[in-house]
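Chain residues, written in single-letter form:
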Amino acid sequence: MPDQPFVDLFQDTEHLRWAPTEQVRERGRRRTRQTRIAATLAGLVTVALLATGAVALADGQEGAPTPVLPATGSPTPTPTPSATPTPSTRDTPGPPPSSPSTTSGSPSNGSTSTAIPATAMLRLTDLPAGFTMTEGDIDGDWSLESVSIYCRDAPSWTSNGRLAQRTVSFDSPTASMIQRVVRYSRGNAAVEMDGVRALFTDCIPRGATSSMSVLADGLGAGDESLLVGSDIEGVRSRWLVVRQGDLVAQIALDTDTTPKEARRYAQPVAQRLCAGTDTC
């Protein structure tokens, strides 16, 4: 009768599946190779460390640390540097940015510049002797739009498309003038002129002694020109309005300016506006 330890061993391994003989041999050969590679690499590392230490001692400097190689497996090959890489489209520098477009000092309907040049304004040479000139915004309710508050039902028009404006005033011992030039987007300058006509034609003044009217339409200057006036409770005002292309000039004149006198100013106003638009 077999001994009990052999009986137990037989029962434990009765249903155990053994690997084929050739597979067991291959595992043994692979383990042997790995052991040899590990031993070889360890030897190389030792030699490298000794060599580095020797160089550091010879130069009197501390040697640079040597990277530790993996203990098992094949060493990773060093990638071979390729030829100079061709830069991608994203990395390739594009052409230098183009310079902003400039104008010849005469902004127009098609120009990218909306600034109104000083040459588009009246100058002292356009006026009688004795005037002085001041540039900048003018305080006070001097513009023709200010009279709309005296209308019972002021005609509504929207001054859309205002792109830029410039103001200058002229003073003498006996007279004063204020000029404002506004640049409008395409088409809105003509709308502005129609709005001025409607305001001074259709306004019904609040006071019985007040009146507003178009004194002259068509002064022979610019694309459009007119003289409008108001008499609000005994206070009279006159404005010359001239359009040239996308520019509209509004000039506050003396209270007694006649259409004949307004025509004398309308011509130089229109000619000056040509410096700010190419529609002349």
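Check the entry above for the structure.
What you see is a predicted model; the values in this text were computed from it and never measured.

A. Expanded view of the packing of aromatic side chains. One pass over the full model with this rule turns up one aromatic pair. Between R264 and the ring centre of Y265, over which it is positioned, the NZ or CZ distance is 5.2 Å.

B. Representation of helix α4 (residues 259-273) in the model. Relative to the 21 Å expected for 15 residues at 1.5 Å per residue, α4 spans 20 Å between its end C-alpha atoms, a close match to the ideal helical length. Of all bends in α4, the biggest is about 25°, found at Y265, and the proline P268 comes one to four residues later. All of the buried residues in α4 are A262, Y265, A266, P268, V269, A270 and L273. Along its buried surface, α4 packs onto β3 (176-184), β5 (224-232), β6 (235-244) and β7 (247-253).

C. Representation of the state of the cysteines. This structure, assessed with the given rule, holds two disulfides. Each sulfur in the disulfide pair C151 and C203 lies 1.8 Å from the other. As the torsion about the S-S bond is roughly -110°, the C151-C203 disulfide counts as left-handed. Here C151 is found in the loop between β1 (132-135) and β2 (162-171), whereas its partner C203 is found in the loop between α3 (188-202) and β4 (211-217), with 52 residues between them in sequence. Here C151 falls in the buried class, since its relative accessible area comes to 2%. Covalent S-S linkage joins C274 and C280, the inter-sulfur distance amounting to 1.9 Å. Between C274 and C280 the sulfur-sulfur dihedral comes to about -105°; the bridge is accordingly left-handed. Here the disulfide map of the protein chain reads 1-2, 3-4, the bonded cysteines being numbered as they appear in the sequence.

D. Up close: the environment of M212. Here M212 lies in strand β4. On the basis of relative accessible area, M212 is assigned to the buried category, the value being 9%. The sequence separation of M212 and D231 amounts to 19 residues, and the corresponding C-alpha distance is 6.4 Å.

Conventions we followed
- Residues numbered from 1 in each chain as written.
- Predicted model: local features only at pLDDT ≥ 70, side-chain atom pairs only at ≥ 80, totals over all residues.
- Heavy atoms only, no water.
- Phe/Tyr/Trp six-rings, centres within 6.5 Å; stacked < 30°, edge-to-face > 60°.
- Lys NZ or Arg CZ within 6 Å of the ring centre and 35° of its normal.
- Helix = DSSP H or I, 4+ residues; strand = E, 2+ residues; numbered from the N terminus.
- Expected span 1.5 Å × (residues − 1).
- Bend = angle between axes of the 7 residues up to and from the residue.
- Buried < 20%, exposed > 50% of the residue type's maximum accessible area, 1.4 Å probe, protein only.
- Contact = heavy atoms within 4.5 Å.
- Disulfide = S-S within 2.5 Å.

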